[in-house]
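A closer look at the structure
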Amino acid sequence: MAMKIQDVRPRRQYFWVFALSILVLTGVVLTKYDVRGKFQSFIVARPVAVSVPQSGKLISSRNLLKRNETRNVLEIVDRVKEGTDSFLIDFDKDMSNKNKNAYIKTNRTTNNTVQESGIWKTTSTVKTDIRDGQEVRNIVYAKVHKAASSVIQNMLLRFAMSRKLNVLLPIEGHILNEHGSQIDDHKILPLPKGENYNILCNHVIFNKREIQRFFPKTTAYIGIIRHPLQQLSSALNYYAKRYHKSNYPLVFKMFPGNPLAGFLSRPYAFDLDDPRQSYVNNRMSIDLGFPVSTRFERDKMNIGKIKEFIKRLDANFDLMLIVELFDESLVLLRRLLNWRTEDILYKKLNVRSDTYDFHLTRREEYLHMRWAPIDYALYEHFKKRLQIEISNEGEDFYMELKKYRQVRDDVVQFCGFNNKPEDSKLSVEPTKWSKGFVVTDALCNLMSEGETSMVAMVKQRQRDRLGLTEPKYIHF
C-alpha cells in the first residue's frame, strides 16, 4: 500500500506543473495577440502603453492592425486634432471634377443664384420645390442615439398633430428598427388608400433608398449629431442602467472615479462584439448608415470609406443639426422649413441628475479619437457646413436668434410656474420672422412629454383620425 502512494504523488506533481505551464502560456498568447481585448483586461492586467509625443501622434503598443491601416488611424486622429479644414480639404483630391474650396448653397429666393464658400463644391439638396413659399410638411428626420434627438422628435410630433399629418410609426413600441435599415411594411401603422406618410422621426438606421419609397421626392431630410465625446459620455451614463447585454455597468463598478476614462482604457472589453448592438462604437455614424460588416473594426480606420460615407450624407441631407449649436440649428431649421417660431420651441428631455462629471486627459481624448474616427470626421464636417450655412444667412440671422432665445426663455419660465391658474396664457407678439401665438398649458405639457408616451399619443390620435382599429390597409 505504501509503494502505491509513492507512485501516485510524483504523477500529481507533474500534472500541476503541466497545468501551470499551460496557464502561463495561455496568458502570454492572450497578452501578445489581445483578442479584441476581451480577456486581456480580466486575465492579464497589462496596461496599454500609449504616449502622446510633442507631434501629437498616437503611439500604441497594441498592434492589432496592419502597418498601413495603423497609419490611417493616426492620420485621422492628427487631422481631427489640427482642425476641420486640414481633414476635409483632402476630400477634394478624390473629386477632380469638383471645384476646390467651394460649397454651393442654393439661394433661397431664386432658382439659379448660388453662393460659394467652404470645403468643396456640391449642390444642396434643398430644392426650391420644397420651399415654394409654404411650410414644409414632408420631413424625414434621422434620429441618432443620445444626441438630443428626442427634443427634435417632440417638435416634429407636435407639428404633425397640429396639422393632422401622417407619421410613419411602428405598430408596436416606439422604434422602427434600431439595429437595421429595413422597414417592415407589416410592422408599421398602415394608412387607408389615398393617404401618404408625411413625417418619419423614430429610430431606424438611415438608408435613403429604403426610406424614400414611403415619401415624395420633395421631402426634406434632416439629422442631428453632437461632439463624439459628449455622445459617449451620455450613452454610458444612460445605458449603464438600461442595457444589461453589455458590460457598461461594469465600467462604473471598476472605475467609479472616472468611468469614461476606464472605458477608453479597454473599450473592447466593455463593449459588444456586434457594432450594431453597441451604443458607443461610432454609434452616430452607424445610425446614419455607415456600412457594418464583420470587418467593421478595420473599415472604421479606412479613410477612403469614411470619405465616401460623408460625401454621401452631404448629398442626402438638407440640414444636419449640431447639438453644440442647438439654437442656431433650430433657427436655420425654421428658415429651411418655413415654420413658425412656435414650432421650434422646446424643453430639455431625458436630462439625468445622476450623471458623472467626466474629466479626461489629453491621452484619453486621443484614445477616443482612435476608437471613434468616423464620428469625429462626421462631426467636424457637418459642424463646418452648418457654420457656413449660418454665415450665408447674414446679420439678420443673429437678430432672429436673439429674439428666439428671448421668446423661448419666456415660454420655459411660463411653463415652469406650478401655481398659475388653469386658464393662464402667454401671448407672444409677432415678429418680422414669424406670426404671433399663444402659449397654454397644453403646449407646455406636450413639450414635456417623453418619447414613449408622446409616440403612443400620436399613434392613438392617428388611428382615431383615420378610423384604424386594426392594421387592415397598407398603401404606399
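For the structure itself, consult the block above.
The present account deals with the structure reproduced in this document. (Residues numbered from 1 in each chain as written. Predicted model: local features only at pLDDT ≥ 70, side-chain atom pairs only at ≥ 80, totals over all residues. Heavy atoms only, no water.)

Some details on the overall build of the protein
Each helix and strand counted, the protein has 18 helices and 12 strands in total. In the protein, which comprises 476 residues, the share counted as buried stands at 52%. Looking at the protein alone, contacts between residues at least 24 apart form 72% of all its contacts between residues at least 6 apart. For the protein, the accessible surface area stands at approximately 23800 Å², while carbon and sulfur atoms represent 51% of it. (Helix = DSSP H or I, 4+ residues; strand = E, 2+ residues; numbered from the N terminus. Buried < 20%, exposed > 50% of the residue type's maximum accessible area, 1.4 Å probe, protein only. Contact = heavy atoms within 4.5 Å. Areas by Shrake-Rupley, 256 points an atom, 1.4 Å probe, with all protein chains shown as cover.)

Focus on the pattern of salt bridges
As enumerated under the stated definition, the model contains 22 salt bridges in all. Close ionic contact of Glu297 with Lys300 constitutes a salt bridge, the shortest N to O distance being 3.1 Å. Taken as a pair, Glu297 and Lys300 share a single burial class, namely buried. Across the pair Asp396 and Arg335 runs a salt bridge, and its minimum N-O distance is 2.7 Å. Linking Asp396 in helix 16 (residues 395-416) with Arg335 in helix 13 (residues 326-337), this pair joins segments that are 61 residues apart in sequence. The class for Arg335 is buried, based on a relative accessible area of 12%. Residues joined by salt bridges that share partners form a network here, namely Glu135, Arg137, Arg163, Arg340, Glu342 and Asp343. (Salt bridge = Lys/Arg side-chain N within 4 Å of Asp/Glu carboxyl O.)

Regarding the sheet that holds strand 7 (residues 199-200)
On the basis of which strands lie adjacent, the open sheet formed by 4 strands has the order 7-5-9-10 and parallel pairing. The sheet is open, and its two edges are formed by strand 7 and strand 10 (319-322), each paired on a single side. The sheet contact formed by strand 9 (residues 220-225) and strand 10 spans 4 bridges and is parallel. When the sheet's bridge partners are listed, Ile225 is paired in strand 10 with Ile322. This element, helix 13, spans strand 5 (139-142), strand 9 and strand 10 of the sheet and lies at about 155° to strand 10. (Pairing = 2+ DSSP bridges. Axes fitted to C-alpha atoms, helices over the stretch in contact; angles between N-to-C directions.)

As for the pairing of strand 9
Most of strand 9 sits out of view: 6 of its 6 residues are buried. Where strand 5 and strand 9 come together, 4 bridges link them in parallel fashion. Within strand 9, the position partnered with Ala142 by the bridge is Gly223.

Focus on the state of the cysteines
For the structure shown, the criterion picks out 1 disulfide. The disulfide partner of Cys415 is Cys444, and the gap between their sulfur atoms is 2.0 Å. Its torsion about the S-S bond being -75°, the disulfide of Cys415 and Cys444 is classed as left-handed. Taken as a pair, Cys415 in helix 16 and Cys444 in helix 17 (residues 441-448) lie far apart in primary sequence, 29 residues in all. (Disulfide = S-S within 2.5 Å.)

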